[in-house]
Amino acid sequence: MLRIRLIEEAIAERYAEQEMRCPVHLSIGQEAVAVGVCAELRRTDKVVSTHRCHAHYLAKGGDLKAMMAEIYGKAAGCCGGRGGSMHLFDDDVGMLLSLPIVASCMPIAVGAALALRQEGTDGVAATFFGDGSIEEGVFHESMNFAALHRLPVLFVLENNLYSCYTGLADRQPDRPLADLAKAHAMAAETADGNDLEAVRAATARAVARGRAGEGPTLLVFDTYRWREHCGPNYDNDIGYRTEAEFQGWKAGCPVERTAAALRAAGLLDEALEAALRRELGAEVAEAFDFARNAPFPAADSVKDHVYG
Ligand SMILES: Cc1ncc(C[n+]2csc(CCOP(=O)(O)OP(=O)(O)O)c2C)c(N)n1
Ligand SMILES: [Mg+2]
């Protein structure tokens, strides 16, 4: 979680240099969902993600240099520099793909789960998506199909309360989001998405259900995005949410909460934390240097992968 936080803070810090020319949707404040879910998955399990995918990609074990090179538009990026921040994938670790069309990750995860089943494995497919996905028809189509065929899918709803600048109360009737699973006769759990152990425990139960052939689960994790919807800045001044609300969530920082729990258990002290920050800081600096110094795609490759 700290590694993801430091990488995204470095992206935010350097974004104004205008060398990263793709939009970035940061997960700062939401790290416990990505890490808690992926900690319960095997390398061979599949993950499909959204526009806000850095944390999911990294938590699943995606290569950091390939991610940074992609964000810098370089040939060494995971999509050869053509996709940018919202198109991260790493086949080696089951990070199947991420894509920014809201909710479109869901049917792809359902297909991945069907393939895992047909291949005779007990693998599971997890798809992360935001609360904005609830307003897309394919949200229900995906859950219906997965429930009907008892597919091993984890539908991981990262409820950060907003779809861009519109709060849940202006978009949805007032009811627990987990109730949406009832319509599809599907299991569901809700947990504090900033509590790493709560995320892990709920995910572990969903994974066990999936591996045992008991079907999909909707996991609702409540969390909060600290920065603006898209970009490196804070936007509490533009009026769609209050500074007080932001400060309340910031006080429950998932990285700090996890560190506090580790300290209380005697597993983390100042020296270890400092060493960890040094080590991670060096890794992050190296990845940025790699990406900045890497070559752009060759000009004569401009028509590659273009169909029409
Ligand atoms: C089908 C579709 N409609 C609209 C958009 C524009 N859009 C991009 S992100 C976003 C908000 C998504 O909110 P949410 O799903 O809650 O994810 P969050 O950004 O909060 O992580 C919207 C509407 C889109 N990418 N795809
Ligand atoms: Mg949201």
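- An unreviewed UniProt entry annotates the protein chain as Thiamine pyrophosphate-dependent dehydrogenase E1 component subunit alpha originating from Azospirillum oleiclasticum.
- What UniProt records for the protein chain under Cofactor (unreviewed entry) is the sentence "thiamine diphosphate".

**A look at the site of ligand 1**
1) Next: Ligand 1 sits among 15 residues. The nearest are His51, Arg52, Pro100, Gly132 and Asn160.
2) Next: Separating a nitrogen atom of ligand 1 from a backbone N or O atom of valine 102 is a distance of 3.1 Å.
3) Next: Serine 163 has a polar side-chain atom sitting 3.4 Å from an oxygen atom of ligand 1.
4) Next: Alone, ligand 1 offers 580 Å² of accessible surface; in the complex the protein occludes 73% of this.
5) Next: Residues that form the shell around ligand 1 fall into these classes: 5 nonpolar, 7 polar and 3 charged.

**Side note on the nonpolar core**
1) Next: Counting 62 residues, the largest nonpolar core has Ile11, Met67, Met68, Leu154 and Phe221 as its most contacted members.
2) Next: The leading source of residues in this core is helix 1 (residues 2-14), at 7 residues.
3) Next: The residues touching leucine 154, leaving out its near neighbours within four places in the chain, are Leu41, Val124, Ala125, Ala126, Thr127, Thr203, Ala206, Val207, Thr217 and Leu219.

**Details of the packing of helix 1 against helix 10 (residues 270-293)**
1) Next: Relative to each other, helix 1 and helix 10 sit at 45 degrees, their axes nearing to 10 Å. It follows that helix 1 is oblique to helix 10 by the angle criterion. In the crossing of helix 1 with helix 10, the sense of the turn from one axis to the other is right-handed. Touching Leu2, Arg3, Leu6, Ile7, Ala10, Ile11 and Arg14 of helix 1 are Leu276, Arg277, Leu280, Glu283, Val284, Phe288 and Arg292, all from helix 10.
2) Next: Of the residues in the contact of helix 1 with helix 10, the class split is 9 nonpolar, no polar and 5 charged.

**Quick look at the environment of glutamine 30**
1) Next: Position of glutamine 30 among the secondary structure elements: in the loop between helix 1 and helix 2 (31-38).
2) Next: When its relative accessible area of 1% is taken as the criterion, glutamine 30 is described as buried.
3) Next: Sequence separation between glutamine 30 and glutamate 40 is 10 residues, and the spatial gap between their C-alpha atoms is 17 Å.
4) Next: Leaving out residues up to four positions away in the same chain, glutamine 30 has contacts with Arg52, Glu158, Asn160, Thr223, Tyr224 and Arg225.

**Overview of the coordination of the magnesium ion (ligand 2)**
1) Next: Surrounding the magnesium ion (ligand 2) are the protein donor atoms Asp131 (OD), Asn160 (OD1) and Tyr162 (O), at 2.1 to 2.2 Å.
2) Next: Here the donor residues of the magnesium ion (ligand 2) are spaced in sequence according to D-x28-N-x1-Y. Of this pair, aspartate 131 sits in the loop between strand 3 (125-130) and helix 6 (137-148) while asparagine 160 sits in the loop between strand 4 (153-159) and strand 5 (162-163), placing them 29 residues apart in sequence. Judged on exposure class, the residue aspartate 131 and its partner asparagine 160 are both buried.

**Points about the side chain of threonine 50**
1) Next: Along the chain, the position of threonine 50 falls in the loop between strand 1 (46-49) and helix 3 (54-59).
2) Next: Of note is the side chain of threonine 50, whose polar atom sits 2.9 Å from the backbone nitrogen of arginine 52.
3) Next: Excluding its chain neighbours within four sequence positions, the residues that come into contact with threonine 50 are Met86, Ser98, Leu99, Cys105, Phe128 and Phe129.

**Some words on the UniProt feature "domain: Dehydrogenase E1 component" (unreviewed entry) in the protein chain**
1) Next: Following the UniProt record, the feature "domain: Dehydrogenase E1 component" (unreviewed entry) maps to residues 3-298 here.
2) Next: Annotated as residues 3-298, this span is 41% helix and 12% strand, and its ends, taken at the C-alpha atoms, are 32 Å apart.

**Quick word on the packing of aromatic side chains**
1) Next: Going through the model one piece at a time under the given rule, you end up with 8 aromatic pairs.
2) Next: A centroid spacing of 6.4 Å and a plane angle of 90 degrees characterise the contact between tryptophan 226 and phenylalanine 246, whose relative ring orientation is edge-to-face. With tryptophan 226 in the loop between strand 8 (217-222) and helix 8 (243-251) and phenylalanine 246 in helix 8, this pair connects stretches of sequence that are 20 residues apart.
3) Next: Summarising the aromatic geometry, the rings of tyrosine 234 and phenylalanine 246 are spaced 5.8 Å apart at their centres and angled 65 degrees between planes, so their arrangement reads as edge-to-face. Placement of the pair is tyrosine 234 in the loop between strand 8 and helix 8 and phenylalanine 246 in helix 8, with a sequence separation of 12 residues.
4) Next: Over the ring of tryptophan 226 we find arginine 5; its NZ or CZ atom is 4.5 Å from the centre of that ring.
5) Next: One Lys or Arg, lysine 65, reaches over the ring of phenylalanine 290 and ends 5.6 Å from the middle of that ring.

**Points about unusual backbone geometry**
Most peptide bonds adopt trans geometry, and most residues besides glycine take a negative phi value.
1) Next: Of note, alanine 103 is a non-glycine position whose phi angle comes to about 80 degrees, a positive value.
2) Next: Looking at where alanine 103 falls in the secondary structure, it is placed in the loop between strand 2 (95-98) and helix 5 (105-118).
3) Next: Under the relative-accessibility criterion, alanine 103 is labelled buried at 2%.
4) Next: With phi around 75 degrees, leucine 161 is a residue other than glycine that occupies positive phi space.
5) Next: Turning to its location among the elements, leucine 161 is positioned in the loop between strand 4 and strand 5.
6) Next: With a relative accessible area of 22%, leucine 161 lands in the partly exposed category.

Criteria and cut-off values
- Residues numbered from 1 in each chain as written.
- Chains lettered and ligands numbered in written order.
- Predicted model: local features only at pLDDT ≥ 70, side-chain atom pairs only at ≥ 80, totals over all residues.
- Heavy atoms only, no water.
- UniProt positions renumbered as here; feature names shortened; annotations may be inferred.
- Near = heavy atom within 4 Å.
- Polar contact = N/O pair within 3.5 Å; in protein donor to acceptor, adjacent residues only side chain to side chain.
- Areas by Shrake-Rupley, 256 points an atom, 1.4 Å probe, with all protein chains shown as cover.
- Nonpolar A, V, L, I, M, F, W, Y, C, P; charged D, E, K, R; others polar.
- Core = buried A, V, L, I, M, F, W, Y, C linked by side-chain atoms within 4.5 Å.
- Buried < 20%, exposed > 50% of the residue type's maximum accessible area, 1.4 Å probe, protein only.
- Helix = DSSP H or I, 4+ residues; strand = E, 2+ residues; numbered from the N terminus.
- Contact = heavy atoms within 4.5 Å.
- Axes fitted to C-alpha atoms, helices over the stretch in contact; angles between N-to-C directions.
- Parallel < 35°, antiparallel > 145°, perpendicular 65-115°, else oblique.
- Left-handed = near helix turned anticlockwise from the far one by under 90°.
- Donors = N, O, S within 2.8 Å, 3.2 Å for Na, K, Ca; no water.
- Phe/Tyr/Trp six-rings, centres within 6.5 Å; stacked < 30°, edge-to-face > 60°.
- Lys NZ or Arg CZ within 6 Å of the ring centre and 35° of its normal.

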